[in-house]
Amino acid sequence: MALEGLLSVLNFETALWIIVGVVIGIIFGSIPGLTSTMGVALCLPLTFSMSPLNGIAMLIALYVGGTSGGLISAILLKIPGTPSSVATTFDGVPMAEKGEAGKALGVGILYSFIGTIFSIVALIFVAPTIAKFALKFGPYEYFAVCIFALTLIGSMVGNNLLKGMLSAVMGITFSLFGIAAIGGARRFTFGFEELQGGFQLLPVMIGLFAVAEILKVGATGLEGENFKTISCKIKGFGITIKEFKDQSINMIRSALIGIGIGILPGIGGATSNLVAYSVAKQQSKNPEKFGTGCIDGIIASETSNNSSIGGSLIPLLTLGIPGDTVTAMILGGLTLHGIAPGPLLFQTSGTLVYGIFSAFLIATIVMLVVEYAGIRIFVKVLSAPKYILMPMILLLCVVGTYGTNRNMFDIWTALIFGVLGYFLYKFNVPQAPMILGFVLGPTIEQNLIRGLMYSNNSFFAFFKSPIAGTVLVFTIAVILYTAFKEFRKAFAASKRMNANYDGQ
Amino acid sequence: MKKDMASNIFNFILVMLGATLFIAAQGIETGAAMAQGGDFMPKLLSGIWLGISILNFLYGLKIKSEEKVDASAKLSGFLSTLILLAVYLVLLRPIGFVLASMGYLFIQMCLIVPTGKKSKRTYGLFAALSIGVPIAVSWIFANVFSLILPMGLLR
């Protein structure tokens, strides 16, 4: 069956649709404002006239290209192309500023490839087992996992824990705007009908990164800016064998985080890149290097976000449950072609399933080749003078933000969050905790309320679940450890200041 | 304005925002829920926001800022870009994506182009790009992806 599946995609037509899907995906992923979700949504109608395998192969190729493409603008423009590449900016941008854009891109592309391969292996060999385990997750477990992910902001807050915590709390609060998913209460609508739907992730992200960036350029101007083309020297993928060996633990850990988070519906790549980055920083012998342009951060972010692709396909194919918006649209594509995903899919349409796995694998290889071959082109295009490039990017952000829901309110949301993002930058408030809080906020709330419903308002019931209890205890330990570390840091700083004062 | 003063004003605005949301949260109804309702998290989170922002404000008053300052930032530059963006969004529906984008692109490029790069040739390039790019983007999205952007006057 596996061989038949592989042979079914080894023809010119399927290969062509995979290449087209990957290229469109990379274009959508690399342009801020246009995401893989939008790419899949816009290309879904194109697949109606195709055979089921070709249609699904193209959508999966779009997903692979779109998720990986986000790293290009994250490194070259400081603006993540997709929410999955937010953490790539932390070290990608400093590397590009040091003249190592080629190396950053090469490493990002290679580890996007490796991350996807990890997830394909998981998808093929352990999908049913993992899916069964994920089914055991109820509200207690979801709440515990999300709260644990939030505690990881400790490593993203920079020098000021208060500002980092405030940023995360602001993110969660903004995610609560609109009508409550449980109970239907109106929250923070202030009489505006448009606010009933709350804020969407894409406009918030476009605002915090792209709009804030153009406001920054407007405020500081570009006088004295160096308009030379970004250096693109690269040998191989920009990583030595020794570096590759040193990064193996980071790579495996990030891939497992990506697969694990990808499986859980509603979380996905937007969270996994930030979580993997934080864990890599916490576990590193040299955490101070993170954020200054080290490959560890890019490897963590890009391995995890791409391995979330296979992760999110596991519940889709084995249980018929989509993990995120893209897989929800792929589910639509499967249904339109008369395929019902679920436990029986492997028995009733085994050849098709293995055909999809093979298409996924080929798309990953195509992604590696296209992105690697295109490095110089990306660098050249994105090296255009900022006074030309930034307004163009903003124009495309408007198209992407408007095009997703055809809603003007989303564009205004981007502007409002752009102003907020500018001031956050100006006063050194980190944005990553806000993004993480915004992504996790609705999942935390819904599962907390559901859990309290099950337990008659007793929070202690959360600790009675073995999985949730263990994760929550671990979370408390992480919070206490972070607080202790911060206290020690603050104590040492005040001692240093007193010594300086006495010296004067 | 000195960095510390500006930073304190920003911190105070965050306190005010937190207070506004906290007050607004008190008016949220529970909704149809058996346990905690849709009001629980907004009340909790806005309370935490208010608490942390007050601590942050007080900490900012006590500690002299050692953080790096972007001294080159000009309020006039920030405001002109912000107003331009707001006008662009206001005009997007009435006059359409293509015309509004043409105006936005040209003015934005003129606003941020460095003095040393200003020349007739540069402005010619800006004009060509401002006309060509919105038409191309609109055409691609309409014809390839069936996504119709606001047409406005060109309907």
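Quick look at the structure, then.

Rules and cut-offs
- Residues numbered from 1 in each chain as written.
- Chains lettered and ligands numbered in written order.
- Predicted model: local features only at pLDDT ≥ 70, side-chain atom pairs only at ≥ 80, totals over all residues.
- Heavy atoms only, no water.
- Patch = residues over 30% accessible without salt bridge, like charges linked within 9 Å, V, L, I, M, F, W, Y side chains within 5 Å.
- Areas by Shrake-Rupley, 256 points an atom, 1.4 Å probe, with all protein chains shown as cover.
- Salt bridge = Lys/Arg side-chain N within 4 Å of Asp/Glu carboxyl O.
- Helix = DSSP H or I, 4+ residues; strand = E, 2+ residues; numbered from the N terminus.
- Contact = heavy atoms within 4.5 Å.
- Buried area = accessible area lost by both parts, 1.4 Å probe.
- Polar contact = N/O pair within 3.5 Å; in protein donor to acceptor, adjacent residues only side chain to side chain.
- Nonpolar A, V, L, I, M, F, W, Y, C, P; charged D, E, K, R; others polar.
- Buried < 20%, exposed > 50% of the residue type's maximum accessible area, 1.4 Å probe, protein only.
- Expected span 1.5 Å × (residues − 1).
- 1 Å grid on protein atoms, 1.4 Å probe; cavity = no way out; pocket = protein on both sides within 12 Å on 5 of 7 lines; lining within 4 Å.
- Points joined across faces, edges and corners; volume = space filled by probe spheres on them.
- Axes fitted to C-alpha atoms, helices over the stretch in contact; angles between N-to-C directions.
- Parallel < 35°, antiparallel > 145°, perpendicular 65-115°, else oblique.
- Phe/Tyr/Trp six-rings, centres within 6.5 Å; stacked < 30°, edge-to-face > 60°.

**A few points about a nonpolar patch on the surface**
All names here are of chain A.
- A contiguous nonpolar surface patch, about 600 Å² in accessible area, is contributed by Phe-459, Phe-460, Phe-463, Val-473, Ile-476 and Leu-480.
- Here the element with the most residues in the nonpolar patch is helix α22 (residues 466-503); it accounts for three residues.
- For Val-473, the position within the fold is in helix α22.

**Considering the interface of chain B and chain A**
- Listed as interface residues are 72 residues of chain B and, on the opposing side, 70 residues of chain A.
- Of the roughly 6,300 Å² buried between chain B and chain A, counting both surfaces, carbon and sulfur atoms make up 79%.
- For the pair chain B and chain A, the number of links is two residue pairs in polar contact (both at pLDDT 80 or more).
- When contributions to the side of chain B that touches chain A are tallied by element, the ones reaching two or more residues are α1 (3-26), α2 (40-62), α3 (75-95), α4 (97-112) and α5 (120-143) of chain B.
- Counting residues per element, the side of chain B that touches chain A draws most heavily on α2(B), at 12 residues.
- Here the residues of the side of chain B that touches chain A sort into 47 nonpolar, 16 polar and nine charged.

**Digging into the pattern of salt bridges**
Residues and elements named next belong to chain A.
- Scanning the model with the defined rule gives seven salt bridges over all chains in all.
- Between Lys-242 and Asp-246 there is a salt bridge; the shortest N-O distance is 3.0 Å. A residue pair is termed a helical-turn pair when its members lie 3 or 4 positions apart in one helix, as Lys-242 and Asp-246 do in helix α11 (residues 241-246) at four residues.
- Overall, the relative accessible area of 59% leaves Lys-242 in the exposed class.
- Via salt bridges that share partners, Glu-213, Lys-216 and Lys-386 belong to a single interconnected network.

**Structural notes on the side chain of Ser85(A)**
Residue and element names in this part refer to chain A.
- On the secondary structure map, Ser-85 appears in the loop between α4 (52-76) and α5 (86-97).
- Using a relative accessible area of 0% as the deciding quantity, one classes Ser-85 as buried.
- Once residues within four sequence positions are removed from consideration, Ser-85 is found in contact with Thr-67, Gly-70, Leu-71, Ala-74, Pro-80, Asn-273, Glu-302 and Asn-305.

**Brief notes about the side chain of Thr189(A)**
- Turning to its location among the elements, Thr189(A) is positioned in the loop between β2 (186-187) and α10 (201-220).
- Non-local contacts of Thr189(A), meaning those with residues more than four positions away in its chain, are made with Gly178(A), Leu195(A) and Gln196(A).

**Considerations on helix α6 (residues 101-125) of chain A**
- A rise of 1.5 Å per residue sets the reference length of α6(A), with its 25 residues, at 36 Å; its end C-alpha atoms lie 36 Å apart and thus fit the reference within 8%.
- The buried fraction of α6(A) is high, at 20 of 25 residues.

**Focus: empty space enclosed by the protein**
- Per the stated rule, a full pass over the model turns up two cavities of 30 Å³ or more.
- The calculated volume of the largest cavity comes to roughly 100 Å³.
- Mapped by element, the contributors of at least two residues to the lining of the largest cavity are α10, α18 (386-405) and α19 (408-426) of chain A together with α3 of chain B.
- Take the lining of the largest cavity: its biggest share by element is four residues, from α18(A).
- When grouped by side-chain class, the residues that make up the lining of the largest cavity number 10 nonpolar, one polar and no charged.

**Focus on the packing of α6(A) against helix α17 (residues 350-382) of chain A**
Residues and elements named next belong to chain A.
- As a packed pair, α6 and α17 sit with axes 10 Å apart at the nearest point and diverge in direction by 175 degrees. In terms of orientation, α6 lies roughly antiparallel with respect to α17. Listed contacts from α17 to Leu-105, Gly-106, Ile-109, Leu-110, Ser-112, Phe-113, Thr-116, Ile-117, Ser-119, Ile-120, Leu-123 and Ile-124 of α6 are Phe-357, Phe-360, Leu-361, Thr-364, Ile-365, Met-367, Leu-368, Glu-371, Tyr-372, Ile-375 and Val-379.
- Classifying every residue of the contact of α6 with α17 gives 17 nonpolar, five polar and one charged.

**Focus: the packing of aromatic side chains**
- Throughout the structure, instances matching the rule amount to 30 aromatic pairs over all chains.
- An angle of 35 degrees between the planes, with centres 5.4 Å apart, marks the rings of Phe148(A) and Phe474(A) as tilted. Taken together, the residues Phe148(A) in helix α8 (residues 139-151) and Phe474(A) in helix α22 connect sequence positions 326 residues apart.
- The exposure class assigned to Phe148(A) is partly exposed, which follows from its relative accessible area of 22%.
- Ring geometry for Phe174(A) against Trp49(B): centres 5.6 Å apart, planes inclined by 85 degrees, an arrangement best described as edge-to-face. Taken together, the positions of Phe174(A) in helix α9 (residues 161-175) and Trp49(B) in helix α2 put the pair across two chains.
- Residue classification places Trp49(B) among the buried positions, given a relative accessible area of 0%.
- Every member of this aromatic cluster is reached through a ring pair, and the members are Phe174(A), Phe177(A), Phe188(A), Phe190(A), Phe199(A), Phe409(A), Phe417(A) and Trp49(B).

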